[in-house]
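One-letter residues, chain by chain:
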Amino acid sequence: MNTKSSDASNYLAAASELAPSVSAAAGGIDRQRQIPQDLFDELAGRGFFRLLVPRSLDGAQMELPGYLRIIRTFGEVDASVAWCINQNNVFATNAVRMTEEAAREIWNDPRAVLANGPPDRSAIAVPVQGGYRLSGRWNFSSGIRHASWVAAVAPVAGRDTPGDPEVLRRGLVLLVPKQEIELLDVWQVNGLRGTGSFSFTARDVFVPERRTYRVDAPAREDGAVYVLPTVLLFAAGFANVALGASRAALDAAIALAGTKTHAHGTSTLGEMDTTRRAVGSAEAEWRSALAFLREAADAVWNGAQAKAKLTVEERIHLRLAATHAIRSAAAVVDAAYELGGSNSIFESNPIQRRYQDVHAITQQIQGRATHYDTAGGFFLGQEPRGIF
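Residues numbered from 1 in each chain as written. Predicted model: local features only at pLDDT ≥ 70, side-chain atom pairs only at ≥ 80, totals over all residues. Heavy atoms only, no water.

Draft legend 1. Representation of the overall build of the protein chain within the structure. Across its full length, the protein chain holds eleven helices and eight strands. Overall size of the protein chain, expressed as C-alpha extent along the three principal axes, is 80 × 50 × 40 Å. Counting all 388 residues of the protein chain, 53% fall into the buried class. When contacts within the protein chain are restricted to residue pairs at least 6 apart in sequence, those whose partners lie at least 24 apart make up 75%. Carbon and sulfur atoms provide 49% of the accessible area of the protein chain, an area that totals close to 16500 Å². Of the side-chain charges in the protein chain, 40 are positive and 41 negative, and the distance between the mean point of each set is 2 Å. (Helix = DSSP H or I, 4+ residues; strand = E, 2+ residues; numbered from the N terminus. Buried < 20%, exposed > 50% of the residue type's maximum accessible area, 1.4 Å probe, protein only. Contact = heavy atoms within 4.5 Å. Areas by Shrake-Rupley, 256 points an atom, 1.4 Å probe, with all protein chains shown as cover. Lys, Arg positive; Asp, Glu negative; His and termini not counted. Charge placed at Lys NZ, Arg CZ, Asp CG, Glu CD.)

Here's what the structure looks like:
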């Protein structure tokens with residue numbers, strides 16, 4: 001595949017081609033809490049971890065609408081795989097904010113993956129001759145088990161306050177080869193298990209100045225995708241993961257309704273009025289959420305292309321649409337779970353894992369209901385507060 005092409009059609013075809021293999025591996029992905037090496041090699045070899053990497057680094061620098069369709073395609077077969085692809089791609093947009101030397105050091109490896117995670121209060125970067133000494137702990141590092149590098153944001157000793165939220169918005173990011181940090185296996189969860197979102201620690205690791213950059217550093221390359229705030233790229237991508245997983249759950253419930261009979265009768269579930277209403281309602285909710293998300297994402301993309309910047313309204317709309325899509329996906333997967341009855345509680349049932357995955361997504365920062373507060377304040381004519 002020509003990874004320099006921003007055309008999503010070839011990647012979409014490849015995603016559809018790989019979908020059966022990902023689906024077949026889903027149980028193992030969940031049990032092992034990681035993407036198996038052979039599957040990772042296939043995904044990486046086809047460029048799925050370089051979709052948003054700039055063309056100057058042999059990436060696809062893909063347009064947002066096509067990128068989101070790819071994420072949703074993988075979300076339908078395995079939410080953990082889709083989550084890792086989105087997490088690692090969105091963070092890779094920072095290739096245009098770090099030094100070109102550091103970016104090439106990382107992405108000259110065609111299978112490179114850069115993982116990251118928010119710091120706890122122990123994180124600190126101490127200035128020394130030629131760079132920094134890094135120590136501390138970082139959590140929720142999705143995809144770190146197949147990553148080759150980690151990015152650790154940290155306060156700088158003598159300048160920043162540990163635990164200050166501004167560190168995440170304007171702090172220093174230090175890039176470290178994975179072999180120089182230690183993984184902590186804390187990922188004992190019931191949803192998105194396959195993301196392997198371990199924590200990691202650094203103990204007095206030297207990081208040269210060339211491998212550091214500021215979170216709010218301006219992009220050194222043009223490109224509409226680099227106009228988009230990473231927080232909104234994460235939101236739109238993870239919303240498509242949730243929609244993909246809930247679509248698969250609803251399809252599984254519909255298939256089951258055609259064969260499962262009522263416990264005290266001969267009619268199938270699909271022949272019952274209550275089932276018809278539940279399916280119709282769930283379809284309406286899923287399709288409405290997708291339509292709103294597409295509309296908001298397209299508006300943001302068009303704004304980035306035309307103006308090389310976004311309006312507050314465009315950003316708020318995408319934040320609202322992404323949050324609503326995640327919350328709607330949870331409602332749809334709940335409906336599918338209810339329709340499945342006792343079948344839904346078994347690990348062998350495809351609804352069960354989707355139920356766990358989608359509800360894990362609602363608990364992540366991108367799925368929090370507080371984002372409705374941000375949008376509501378904007379529509380009330382107030383200065384919006386929140387992450388957008």
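Draft legend 2. Layout of the side chain of Gln366. Mapped onto the elements of the fold, Gln366 is located in the loop between α10 (350–363) and α11 (370–379). Assessed through its relative accessible area of 7%, Gln366 is described here as buried. Side-chain polar atoms of Gln366 contact the side chain of Arg319, separated by 2.8 Å. (Polar contact = N/O pair within 3.5 Å; in protein donor to acceptor, adjacent residues only side chain to side chain.)

Draft legend 3. Representation of the packing of aromatic side chains within the structure. Summed over all chains, the structure comprises nine aromatic pairs. Centroid distance Phe40 to Phe49: 5.3 Å. Interplanar angle 45°. Geometry classified as tilted. Neither Phe40 nor Phe49 differs from the other in exposure class; each is buried. A ring pair is formed by Phe140 and Trp187, whose centres lie 6.2 Å apart and whose planes are at 85°; its orientation type is edge-to-face. Taken as a pair, Phe140 in strand β3 (residues 131–141) and Trp187 in the loop between β6 (182–184) and β7 (198–208) lie far apart in primary sequence, 47 residues in all. Residue class for Phe140 comes out partly exposed when judged on its relative accessible area of 48%. (Phe/Tyr/Trp six-rings, centres within 6.5 Å; stacked < 30°, edge-to-face > 60°.)

Draft legend 4. Broad picture of α10. With 14 residues, α10 should cover 20 Å at 1.5 Å per step; its first-to-last C-alpha distance of 21 Å lies within 8% of that length. Listing the buried residues of α10 in full gives Ile351, Gln352, Arg353, Arg354, Asp357, Val358, Ala360, Ile361 and Thr362. Two or three places before Ile351, at the opening of α10, Asn349 has a side-chain oxygen 2.8 Å from that residue's backbone nitrogen. (Expected span 1.5 Å × (residues − 1).)

Draft legend 5. Highlighting the pattern of salt bridges. Taken as a whole and judged by the stated rule, the model has 19 salt bridges. Of the charged contacts, one joins Arg193 and Asp30 as a salt bridge, the two residues approaching to 3.9 Å between their closest N and O atoms. Placement of the pair is Arg193 in the loop between β6 and β7 and Asp30 in helix α1 (residues 8–32), with a sequence separation of 163 residues. We note a salt bridge from Glu166 to Arg169, for which the minimum N-O separation is 2.4 Å. In this pair, Glu166 and Arg169 both sit in helix α6 (residues 166–170), three residues apart, roughly one turn of the helix. Under the relative-accessibility criterion, Arg169 is labelled partly exposed at 47%. A single network of salt bridges, built from pairs that share partners, joins Glu101, Glu105, Arg210 and Arg211. (Salt bridge = Lys/Arg side-chain N within 4 Å of Asp/Glu carboxyl O.)

Draft legend 6. Representation of the layout of surface pockets in the model. By volume, the second largest pocket is sized at about 450 Å³. Lining the second largest pocket we find 18 residues, and of these Gly27, Asp30, Glu347, Gln352 and Arg353 sit closest to its centre. When residues of the lining of the second largest pocket are traced back to their parent elements, those giving at least two are α1 and α10. Its residues placed into classes, the lining of the second largest pocket shows five nonpolar, seven polar and six charged. (1 Å grid on protein atoms, 1.4 Å probe; cavity = no way out; pocket = protein on both sides within 12 Å on 5 of 7 lines; lining within 4 Å. Points joined across faces, edges and corners; volume = space filled by probe spheres on them. Nonpolar A, V, L, I, M, F, W, Y, C, P; charged D, E, K, R; others polar.)

Draft legend 7. Focus on the pairing of strand β1 (residues 114–117). Of the two faces of β1, the one carrying Leu114 and Asn116 and the one carrying Ala115 and Gly117 are both buried. Here four bridges tie β1 to strand β4 (residues 149–154), and the two strands are oriented parallel to one another. Paired with Ala115 across the bridge in β4 is Val150. (Pairing = 2+ DSSP bridges.)

Draft legend 8. Inspection of the nonpolar core at higher detail. Core analysis: the biggest nonpolar cluster contains 125 residues, and Leu43, Phe48, Phe74, Trp107, Leu134 and Leu175 have the highest contact counts within it. If you tally residues by element for this core, the top one is helix α7 (residues 230–257), at 15 residues. Here Leu134 is in contact with Ile124, Ala125, Ala152, Ala154, Leu174, Val176, Ala202, Arg203, Asp204, Val205 and Val207, once residues within four sequence places are set aside. (Core = buried A, V, L, I, M, F, W, Y, C linked by side-chain atoms within 4.5 Å.)

Draft legend 9. Representation of the sheet that holds strand β2 (residues 124–128) within the structure. Judged by pairing direction, the sheet is antiparallel, and its four strands sit side by side in the order β2-β3-β7-β6 without closing on themselves. Because the sheet does not close on itself, it has two edges, and the strands there are β2 and β6. Between one strand and the next, the sheet's axes are offset by a mean angle of 15°, whatever the strand orientation. Sheet topology note: the β2/β3 ladder contains five bridges and is antiparallel. The residue of β3 that forms the bridge with Val126 is Arg133. (Axes fitted to C-alpha atoms, helices over the stretch in contact; angles between N-to-C directions.)

Draft legend 10. Region of the structure containing unusual backbone geometry. A positive phi angle, close to 45°, is found at Gln61, a residue other than glycine. Turning to its location among the elements, Gln61 is positioned in the loop between α2 (37–45) and α3 (64–77). Phi is positive for Phe140, close to 55°, though the residue is something other than glycine.

No statement about biological role is implied by the geometric values presented.
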